[in-house]
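A closer look at the structure
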Amino acid sequence: MEKDVKEVLVSETNIKKLVAQLGQRITSDYEGKEIMVICILKGAVMFCADLIREIKVPLKLDFMAVSSYGESTESSGAVQILKDLDSSVEGRHLLIVEDIVDTGLTLRYLISILNARGPASIKTCAFLDKPERRKVDVKIDYSGIEIPDAFVIGYGLDYAEDYRHLPYVAVLSSEVYEK
Ligand code: 5GP
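Overview of the structure. (Residues numbered from 1 in each chain as written. Predicted model: local features only at pLDDT ≥ 70, side-chain atom pairs only at ≥ 80, totals over all residues. Heavy atoms only, no water.)

Side note on unusual backbone geometry
Here is the rule we go by: Note on conventions: DSSP H or I runs of at least 4 residues are helices, E runs of at least 2 residues are strands, and numbering of each starts at the N terminus. Here the term buried applies to any residue with accessible area under 20% of the maximum for its type, exposed to any over 50%, and partly exposed to those in between, with areas from a 1.4 Å probe on protein chains only.
Omega for the peptide link from Leu 41 to Lys 42 comes to -10°, which places this bond in the cis form. The topology assignment puts Lys 42 in the loop between strand S2 (35-41) and helix H2 (45-52). In the Ramachandran plot, Ala 160 falls in the positive-phi region, its phi being about 50° despite a non-glycine side chain. For Ala 160, the location among the structural elements is in the loop between strand S8 (152-153) and strand S9 (169-172). The partly exposed category is assigned to Ala 160, whose relative accessible area is 25%. We note that Tyr 163 has phi near 75°; this positive angle belongs to a residue other than glycine. With respect to the helices, strands and loops of the structure, Tyr 163 is situated in the loop between S8 and S9.

Laid out in structure tokens, this is it:
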């Protein structure tokens, strides 16, 4: 396992600190409101579970799954809903929680389809941001940390469904996917 890790980018201690900071900002921005947190499966599960425990205003949690890279390290660009929300978003204050924003295509798609359902507001939160890779302009209201252009794993992020359980964010050794 450790041999597949090239470099740790965000340590467990750093993750804790960044998540607490995001939670504080969200708590103060949403004072007096109830949030509907939309966790994007599967990658955002760990981040979202940590984040919502740092949010001190009322909230409801729902999940949505969209197509990811499959077994590749490159985005196909096409986004597909694999699992939709269980509840209606009409009149609610939505907070989309993503693991990482890379090209921005997924987040832009999510904003557009959720917007069409008549929410009161939509904001976005992503733990990791790879700005160098952006293909479309998309606003991340709450961003944890910017990282360089590298394929990362851990803290919910996978490569072919492996490594999600690593408690830190790391760069995957290229030997793993060049095998
Ligand atoms: P985007 O649509 O912004 O290109 O990509 C968003 C999705 O691609 C993320 O939610 C995540 O699932 C996946 N992704 C993007 N970059 C990485 C990466 O470095 N590592 C992993 N494991 N997934 C990534």
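Here the narrative resumes, following the displayed structure.
With respect to the sheet that holds strand S7 (residues 142-146)
To keep it simple, the criterion reads: Strands are labelled as partners when DSSP assigns at least two bridges between them. A fitted line through C-alpha atoms serves as each axis, taken over the contacting stretch for helices, and the angle formed by two N-to-C directions is quoted from 0 to 180°.
One open sheet holds the six strands; their spatial order is S4-S3-S2-S5-S6-S7, and the pairing between them is mixed. Each of the sheet's edge strands pairs with one partner strand only, and the pair in question is strand S4 (81-83) and S7. Between one strand axis and the next, the sheet turns by 30° as a mean value, whatever way the strands run. Sheet topology places strand S5 (residues 93-101) next to strand S6 (residues 121-129); eight bridges connect them, and they run parallel. For Leu 95, the partnering residue across the bridge sits in S6 and is Lys 123.

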